[in-house]
Amino acid sequence: MPHTYTLDDYDAAAATIRARTQHKPTIGLVLGSGLNGLADQVQQADLIPYGDIPHFGTSTVPGHAGRLVIGELAGASVCVMQGRLHFYEGYSMQQITLPVRVMQRLGINTLILTNAAGGLNPTFAAGDLMVISDHINFVGMAGANPLSGPNLDALGPRFPAANRVYTRRLRALAMQVAADENINLQSGTYVVLSGPNFESPAEVRMWRMLGGDAVGMSTVPEALVAHHAGMEVLAISTITNMGVEVMDADVEPTHEDVVAAGAIIVPRLTALLLGVVRRMGSRALE
Ligand code: HPA
């Protein structure tokens, strides 16, 4: 039986957060491995460690700070998850997606997800950014879906569609900002595996064959839960390494390399996301 939470559980967490900040965030941001630095841009920040919030798990992964950073960013009120929870840490799908529902209860209607990912598309290179247009949920297909268990009808339907998870308007906005700022932005399908191991060469070849452009260990559960609850979603992968498709190759991906590559990509990711948030903010005022 998966972990289950009630609306009261989500609301209790939201109430704790509300009591710790004057900000009223409308945009949520989740920072992936090595991407913590973006939170430094948040002004008048209130910091809330996950351990202070009822029901929140704590981050166990190096490169994930494990706190909320709530404040002003590019003219918008934002709630940044500086570090996320992962299925491979031993948390259930319901635990790793709890913060998304709490953000929804806080009044956040737009979720921006970032992650570190391995490149599958041979035209990609380490250092690229990719806007996620679709996903292949291998973990969900294997039975670990954050929406399994009793449905909370107040949040969304029992059988949500999954063909419009990644909001078209936000993908187009990201592409426009990238063009204006001279940032190379790929677009593609993200494959999620449970981790913690990186993929085998045969898996790289299989996923490539099936139409995957990048592979990682996160994001899809959060995107599904956000979409279920009516939030708009933008998800950006940072391609920190290319998947290794050759058996016995001399190279192998490591978490340290992923974090180091993330640090190099952060300035471009920051420019992209600041542009996106700025234009989202000004759109809301129109
Ligand atoms: N595979 C899975 N997850 C990842 C990778 C990868 O190659 N790189 C960064 N996160």
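Scroll up to find the structure.
Scoring rules and cut-offs
- Chains are numbered independently. Their residues run from 1 in the order of the written sequence.
- At least 70 in pLDDT is required for a residue's local features to be given in this predicted model, at least 80 for side-chain atom pairs to be given and counted, and no such filter applies to totals for whole chains, interfaces and linings, which use all residues.
- Hydrogen atoms and water are omitted, and side-chain values are computed over all heavy atoms in the structure.
- Proximity is defined per residue: if any heavy atom of the residue lies within 4 Å of a molecule or strand, that residue is considered near it.
- Two N or O atoms form a polar contact when they lie within 3.5 Å of each other; inside protein one atom must be a possible hydrogen donor and the other a possible acceptor, and for residues adjacent in sequence the pair counts only when both atoms belong to side chains.
- To be clear on the numbers: accessible area is Shrake-Rupley with a 1.4 Å probe, and residue cover counts the displayed protein chains and nothing else.
- With a 1 Å grid laid over protein atoms only, a set of points is called a cavity when a 1.4 Å probe fits there but cannot get out and a pocket when it is open yet has protein on both sides within 12 Å along at least five of seven lines; lining residues have an atom within 4 Å of a point.
- The way we define it, a molecule is inside a pocket or cavity when more than half of its atoms are within 2 Å of that pocket's grid points.
- Runs of H or I in DSSP of at least four residues are treated as helices and runs of E of at least two as strands, each being numbered from the N terminus.
- Grid points are joined across faces, edges and corners, and a volume is the space filled by probe spheres set on the points.
- Charged residues are taken to be Asp, Glu, Lys and Arg, nonpolar residues to be Ala, Val, Leu, Ile, Met, Phe, Trp, Tyr, Cys and Pro, and polar residues to be all remaining types, Gly included.
- For a helix, the expected span equals 1.5 Å multiplied by the residue count minus one.
- Two axes define the bend at a residue: one fitted to the seven residues ending there, one fitted to the seven starting there, and the bend is the angle between them.
- The rule is simple: take the accessible area with a 1.4 Å probe, protein chains only, and divide by the maximum for that residue type; under 20% is buried, over 50% is exposed, in between is partly exposed.
- In what follows, residue pairs with any heavy atoms lying within 4.5 Å of each other are defined as contacts.
- Any two rings among Phe, Tyr and Trp, with Trp reduced to its six-membered ring, count as a pair given centres within 6.5 Å; such a pair is stacked if its planes are under 30 degrees apart, edge-to-face if over 60, and tilted if neither.
- For the purposes of this section, nonpolar cores are sets of buried Ala, Val, Leu, Ile, Met, Phe, Trp, Tyr and Cys residues that join through side-chain atoms within 4.5 Å.

Draft legend 1. Representation of the site of the ligand in the model. Close contacts around the ligand come from Ala116, Ala117, Gly118, Leu193, Phe198, Glu199, Val215, Gly216, Met217, Thr240, Asn241 and Val258, and that covers them all. Here Ala116 contributes a backbone N or O atom positioned 3.2 Å from a nitrogen atom of the ligand. One of the side-chain N or O atoms of Glu199 is found 2.7 Å from a nitrogen atom in the ligand. Isolated, the ligand exposes 260 Å² of accessible area, and the fraction of that covered by the protein chains is 96%. For the ligand, the cavity whose grid points lie within 2 Å of the majority of its atoms is the largest pocket. Among the elements of the structure, strand E5 (110-119), strand E8 (214-216) and strand E9 (232-242) are those that each provide at least two residues to the shell around the ligand.

Draft legend 2. The arrangement of empty space enclosed by the protein in detail. Applying the stated criterion to the full structure yields one cavity of 30 Å³ or more. Considered as a void within the structure, the largest cavity measures approximately 40 Å³ in volume. Taken together, His86, Phe87, Met93, Ile96, Val139, Val192, Leu193, Ser194, Met217 and Pro221 make up the lining of the largest cavity. Of the residues that constitute the lining of the largest cavity, the class distribution is eight nonpolar, two polar and no charged.

Draft legend 3. Just helix H2 (residues 93-106), in detail. Counted at 1.5 Å a residue, the expected span for H2 with its 14 residues is 20 Å, and the 21 Å between its end C-alpha atoms agrees. Its axis deflected by about 35 degrees at Pro99, H2 carries its strongest bend there. Burial analysis of H2 places twelve of its 14 residues in the buried class, which makes it a mostly covered element. Burial in H2 covers these residues: Met93, Gln94, Gln95, Ile96, Thr97, Leu98, Pro99, Val100, Arg101, Val102, Met103 and Leu106. Contact partners of the buried residues in H2: helix H1 (7-18), strand E1 (27-31), strand E4 (76-82), E5, helix H3 (138-141) and helix H6 (220-228). Just downstream of H2 lies Gly107, where phi reads positive at about 105 degrees.

Draft legend 4. Examining the packing of aromatic side chains more closely. Enumeration over the complete set of coordinates arrives at three aromatic pairs. Ring plane angle 50 degrees and centroid distance 5.9 Å describe the contact between Tyr5 and Tyr10, whose orientation is recorded as tilted. Summarising the burial analysis for this pair, Tyr5 and Tyr10 share the class buried. A ring pair is formed by Tyr50 and Phe56, whose centres lie 5.5 Å apart and whose planes are at 50 degrees; its orientation type is tilted. With respect to class, Tyr50 is no different from Phe56; both count as buried.

Draft legend 5. Region of the structure containing the nonpolar core. Counting residues in each nonpolar core, the largest one holds 50 residues, and the members touching the most others are Ile17, Phe56, Leu68, Val102, Met103, Leu111 and Tyr166. No other element matches H2, which puts seven residues into this core. Leave out the neighbours within four places in its chain, and Met103 touches Gly28, Val30, Cys79, Met81, Ile108, Leu111 and Met231. Membership of the second largest hydrophobic core comes to 33 residues, among which are Leu29, Val131, Ala178 and Met280.

Draft legend 6. Here's a closer look at unusual backbone geometry. Of note, the amide linkage connecting Gly195 to Pro196 takes the cis form, showing an omega dihedral of 5 degrees. When you line up the elements, Pro196 lands in the loop between strand E7 (185-192) and helix H5 (201-209). For Ala74, which is not glycine, the phi dihedral falls at a positive 50 degrees. Positionally, Ala74 belongs in the loop between strand E3 (67-73) and E4. Phi is positive for Thr219, close to 70 degrees, though the residue is something other than glycine. Relative to the helices and strands, Thr219 is located in the loop between E8 and H6. A relative accessible area of 0% places Thr219 in the buried class.

Any functional reading would require information beyond the geometric quantities listed.
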